[in-house]
Amino acid sequence: MNRSLLTLVIFLLTASLNAQTQHRFSRADTLRGMLRPERTCFDVHYYDLEIKVDAKLRRIAGSNKIHFLAVEDFRELQLDLFANMEIAEITWQGQKLAFSREFNAVFVRFPERILKGSKQMIEVLYAGAPSVAKRPPWDGGFVWEKDPNGNDWVNVACEGFGASSWWPLKDHLSDEPDSLQFSVIYPRGAYVVSNGNLRRTEDLPGEFTKWVYFVGNPINSYNLSLQIGDYVKFTDVYKNTSGYHELKYYVLKDNKEAAVAHFKQVKGMLECFEKYFGEYPFWSDGYALVETSYWGMEHQSGIAYGNNYKNNAFDFDFIIIHESGHEWFGNSISVADHADMWVHEAFTTYMEAIYVEHFHGQEQMIAYLNTQRPLIGNKMPIQGVKDVNFEDWPDADMYYKGSWMLHTLRNIVGDDERWFAMLKQMCEDYRHSIVDSKTIIDFVSWKLGEDYSAFFAEYLNHVGNPILEYKIERKKRRSTLSYRWVANEANFNMPIDISMYGETLRLQPTTEWQSITEKKLSEKNLEFDPDWGLYEVRNVSNQ
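Reading guide: rules and limits
- Throughout this document, residue positions are counted from 1 along each chain, in the order its sequence is written.
- Predicted model: local features are reported for residues with pLDDT of at least 70 only, side-chain atom pairs are reported and counted for 80 or more only, and whole-chain, interface and lining totals are derived from all residues.
- Values reported for side chains reflect all heavy atoms of the structure, with hydrogen atoms and water molecules removed beforehand.
- Take the buried residues of types Ala, Val, Leu, Ile, Met, Phe, Trp, Tyr and Cys, join any two whose side-chain atoms come within 4.5 Å, and each joined set is a nonpolar core.
- For each residue, the accessible area found with a 1.4 Å probe, counting protein chains only, is set against the maximum for its type, and the residue is called buried under 20%, exposed over 50%, and partly exposed in between.
- Runs of E in the DSSP output that reach at least two residues are strands. Runs of H or I that reach at least four are helices, and both are numbered from the N terminus.
- The working definition used for a salt bridge is a side-chain nitrogen of Lys or Arg within 4 Å of a carboxyl oxygen of Asp or Glu.
- Only residues above 30% relative accessible area that lack a salt bridge enter a patch, with like-charged residues linked at up to 9 Å and the nonpolar side chains Val, Leu, Ile, Met, Phe, Trp and Tyr linked at up to 5 Å.
- Computed with a 1.4 Å probe, the accessible areas rest on the Shrake-Rupley method; for each residue, only the protein chains presented here act as cover.
- Here Asp and Glu are counted as negative and Lys and Arg as positive; His is not counted, and neither are the chain ends.
- Every charge is mapped onto a representative atom, which is NZ of Lys, CZ of Arg, CG of Asp or CD of Glu.
- In this analysis, strands are considered paired if DSSP registers two or more bridges between them.
- In what follows, a contact means two residues having at least one pair of non-hydrogen atoms within 4.5 Å.

## Some remarks on the nonpolar core
Turning to step 1, where the next piece is worked out: Core analysis: the largest hydrophobic core is formed by 160 residues, its most contacted members being Trp166, Phe263, Tyr287 and Trp342.
Turning to step 2, where the next piece is worked out: At ten residues, helix H7 (residues 342–360) tops the list of elements feeding residues into this core.
Turning to step 3, where the next piece is worked out: Counting residues in hydrophobic clusters, the runner-up holds six residues, among them Ala133, Tyr294, Met297 and Ala304.

Pasting the structure below:
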């Protein structure tokens, strides 16, 4: 197993020691995770964020101009900014607005009613020492490091933890801006990298430079990031049916030679994923890898990379392939609530297996999936709790159990042409869209022509795997094979392929006993392929 992958698993399992099966949620959780009227009353269209970064003091200061459309009449709205960050003032149409805090929520009051349909802009001036990430990317915040040559190396990773840990915004996944501008002021000499395209740089008094980036596509809040270091930029070109596309890479100067060779796998990855999932969703903002001091993160159009230029036993770099996969599932198709994060992680983890199959064949794909299977913990359901910004999973099942769930469904369908057509259509129909679990499950069922709601409910909403119970009863020259599913969902009816007398047979088990009669049937004539899907087998013949 990849050492970095093992590190992830150990961290997640260690964290689970402090997790409780029965979660208790606070008022702060609700304020962060729920779409209350103070949030649903407005729809953000554009952020214009500017910050000045002081690496020595580990502080930032700046402003965010928030452009929004009033969805309802209102007098008060909610923004989000961690309580350790100080708001100097909030202004609207030249007036200072009254505001108050409750935990990390900021309630802004207007002097008059804001009317539905009106376009508005407020500006928030703020400063402070943002939370420091203790173990990025899993524990979010700012990362203040030094590179091997002693230069400042500043990174940000805040998935789950929250973008509001370092900038003021409507910090809920359901509302992505249509676009944003991000300006960073930093002492001259370093290279500042963020998402999207660099619009310009400006030399400022006092040996400072302002770097102005623009993201022209919708982007979820945790994906906006900042990387500052002794970087050098180099490029490559990828050609597909829509034309030539620049690939941008930002790495520490001493690592350029290694990066030039190692990042060649990016073009093969893009070719593979575009074949099965449709064109890369963010060409107008570009594709970039940015070297970071932590392992990696799927920052849209500016992916954080920190895997030290190493491939795994299957001859690919896990971080490049996995985090790039998130551009389709996570960044283009995004969920509205953290509780549904399996949509991001299960599909992307399954994409790794597809990558292996594309380049090395089905046998190696199965071998790769079998490196994931031992990591399934079954400590709690994959589906999280909604409206509380849930992130307290005690295992990595949204990744690995989710990947095996999709592999199982592919074998149920038994038709790769239909299967991959469904996946590609999903990526096209929900391109740059915000979804929830039900949306995805309904789409899969519709596109494949079967109701898979019970299938998904079994794997997402319960711990454990479905168990195929069977028994063989012999009478003279004939034998009866009886079988059923033992599952949490009463209407669970997953078909399964088994081998009988060396021939493949598809059974249609439900949670009720069914049977077939055969001649001289015994356990030796039956084979249950563990690689077919995520299930267990129990022989109850003697019970």
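## Focus on the pattern of salt bridges
Turning to step 1, where the next piece is worked out: The tally for this structure, following the rule as stated, stands at 22 salt bridges.
Turning to step 2, where the next piece is worked out: Across the pair Glu76 and Arg109 runs a salt bridge whose closest N-O atoms are separated by 3.7 Å. Of this pair, Glu76 sits in strand E3 (residues 74–80) while Arg109 sits in strand E7 (residues 105–114), and the two are 33 residues apart along the sequence.
Turning to step 3, where the next piece is worked out: The partner of Arg188 in a salt bridge is Glu207, with the nearest N and O atoms 3.4 Å apart. Of this pair, Arg188 sits in the loop between strand E11 (179–187) and strand E12 (191–193) while Glu207 sits in the loop between strand E13 (197–204) and strand E14 (208–215), and the two are 19 residues apart along the sequence.
Turning to step 4, where the next piece is worked out: Residues joined by salt bridges that share partners form a network here, namely Arg188, Asp203 and Glu207.

## Some words on a positive patch on the surface
Turning to step 1, where the next piece is worked out: A contiguous patch of positive charge, built from Arg477, Arg478, Lys519 and Lys520, is present on the exposed surface.
Turning to step 2, where the next piece is worked out: Note on Arg477: relative accessible area 71%, which makes it exposed.

## Here's the deal with the sheet that holds E11
Pairing between the strands of a sheet is mediated by backbone hydrogen bonds and can be parallel or antiparallel.
Turning to step 1, where the next piece is worked out: Read from one edge to the other, the open sheet built from eight strands follows the order E5-E4-E8-E2-E1-E11-E14-E13, with strand pairing classed as mixed. Strand pairing shows two members of the sheet lacking a second neighbour, strand E5 (95–96) and E13, which therefore form its edges.

## A word on unusual backbone geometry
Turning to step 1, where the next piece is worked out: The step from Pro136 to Pro137 runs through a cis peptide bond, and the omega angle for that step is 5°.
Turning to step 2, where the next piece is worked out: Phi is positive for Asn308, close to 60°, though the residue is something other than glycine.
Turning to step 3, where the next piece is worked out: Residue class for Asn308 comes out exposed when judged on its relative accessible area of 53%.
Turning to step 4, where the next piece is worked out: Here Asp387, not a glycine, exhibits a phi torsion of approximately 75°, which is positive.
Turning to step 5, where the next piece is worked out: Topologically, Asp387 is positioned in the loop between helix H8 (362–372) and helix H9 (400–413).

## Overview of the pairing of strand E1 (residues 42–54)
Turning to step 1, where the next piece is worked out: Across twelve bridges, the pairing between E1 and strand E2 (residues 59–70) is antiparallel. Along E2, the bridge assignment pairs Asp43 with Leu69.
Turning to step 2, where the next piece is worked out: In this antiparallel pair of consecutive strands, E1 and E2, the connection spans four residues, and Arg58 shows a positive phi of 55°.
Turning to step 3, where the next piece is worked out: Bridge count between E1 and E11: seven bridges; the pairing is parallel. Directly across from Asp48, in E11, lies its bridge partner Gln181.

## Structural notes on the side chain of Glu489
Turning to step 1, where the next piece is worked out: Position of Glu489 relative to the elements: it lies in the loop between strand E24 (478–486) and strand E25 (496–500).
Turning to step 2, where the next piece is worked out: Among buried Asp, Glu, Lys and Arg side chains, Glu489 stands out as unpaired, with Lys401 the closest opposite charge at 11 Å.
Turning to step 3, where the next piece is worked out: If near-sequence neighbours (up to four positions away) are discounted, Glu489 is found in contact with Ala454, Ala457, Glu458, His462 and Thr511.

In short, geometric facts, not functional conclusions.
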